[in-house]
Amino acid sequence: MSVSRRCSRTACRQPAVFTLTYVYADSTAVLGPLAAYVEPHCYDLCAMHADRLTAPLGWEVVRLPADTSTGGPGSDDLEALANAVREAGRRPPAPQQPPPTGQGVETVRRGHLRVVRSEPVHPEERPDPRTPRRPSRDV
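Residues numbered from 1 in each chain as written. Predicted model: local features only at pLDDT ≥ 70, side-chain atom pairs only at ≥ 80, totals over all residues. Heavy atoms only, no water.

**Re the overall build of the protein**
Item 1. Of regular secondary structure, the protein possesses 2 helices and 6 strands.
Item 2. Mapped from its N terminus to its C terminus, the protein presents α and β elements in the order β-β-β-α-β-α-β-β.
Item 3. Long-range contacts, defined here as pairs at least 24 residues apart, represent 45% of the contacts in the protein between residues at least 6 apart.
Item 4. By element, 54% of the accessible surface of the protein is carried by carbon and sulfur atoms, the whole surface being about 12,300 Å². (Helix = DSSP H or I, 4+ residues; strand = E, 2+ residues; numbered from the N terminus. Contact = heavy atoms within 4.5 Å. Areas by Shrake-Rupley, 256 points an atom, 1.4 Å probe, with all protein chains shown as cover.)

**Points about the confidence of the model for the protein**
Item 1. Looking at the protein, pLDDT values average 76 and 60% of them are 70 or higher.
Item 2. Put simply, helix 2 (residues 75-89) is where the protein has its lowest mean pLDDT, 67, and helix 1 (residues 47-51) is where it has its highest, 94. (pLDDT = per-residue confidence, 0-100.)

**Section: the sheet that holds strand 2 (residues 28-33)**
Item 1. Spatial strand order, 3-1-2-4: 4 strands in an open sheet with mixed pairing. Edge positions in the sheet fall to strand 3 (42-45) and strand 4 (60-63), since each of these pairs with one other strand and no more. The mean angle between the axes of side-by-side strands here comes to 20°, regardless of whether they run parallel or antiparallel.
Item 2. In this structure, strand 2 lies alongside strand 4, joined through 4 bridges in parallel fashion. Across the sheet, the residue bridging to valine 30 is valine 62, located in strand 4. (Pairing = 2+ DSSP bridges. Axes fitted to C-alpha atoms, helices over the stretch in contact; angles between N-to-C directions.)

**Side note on the side chain of threonine 19**
Item 1. Checked against the element boundaries, threonine 19 lands in strand 1 (residues 18-23).
Item 2. Polar side-chain contacts of threonine 19 include one of 3.3 Å to the side chain of aspartate 44.
Item 3. Once residues within four sequence positions are removed from consideration, threonine 19 is found in contact with Arg5, Val30, Leu31, Gly32, Pro33, Leu34, Ala35, Cys42, Tyr43 and Asp44. (Polar contact = N/O pair within 3.5 Å; in protein donor to acceptor, adjacent residues only side chain to side chain.)

Okay, here's the thing in structure tokens:
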């Protein structure tokens, strides 16, 4: 049994050949070839209703070319889908830790807060013990 999608317009029994999507941010209605899957915020339209489509005042209608003779995605579509799946499957590179700045050494971390202890990098760089030290804050 072949399941055919029908036009979204009320009382229309014709098979759907186009998909209508609204891009509210751009005030644009996009009418393109029938989507591979039913989307909740898209409308499937037959050829007659797609030809009669008008947009609200101030909106633009973008009509993408639809080749209804093939009945399925083309090789370019399948290749683009395969590339997208391949890209999504790659592991993101591990974030590199920035080199420590100054003489602070992280001792404890809780969420976004860190406890940093001041410690000289080299023994010859030790601060003069007679000099008052200001507490360091990591913001």
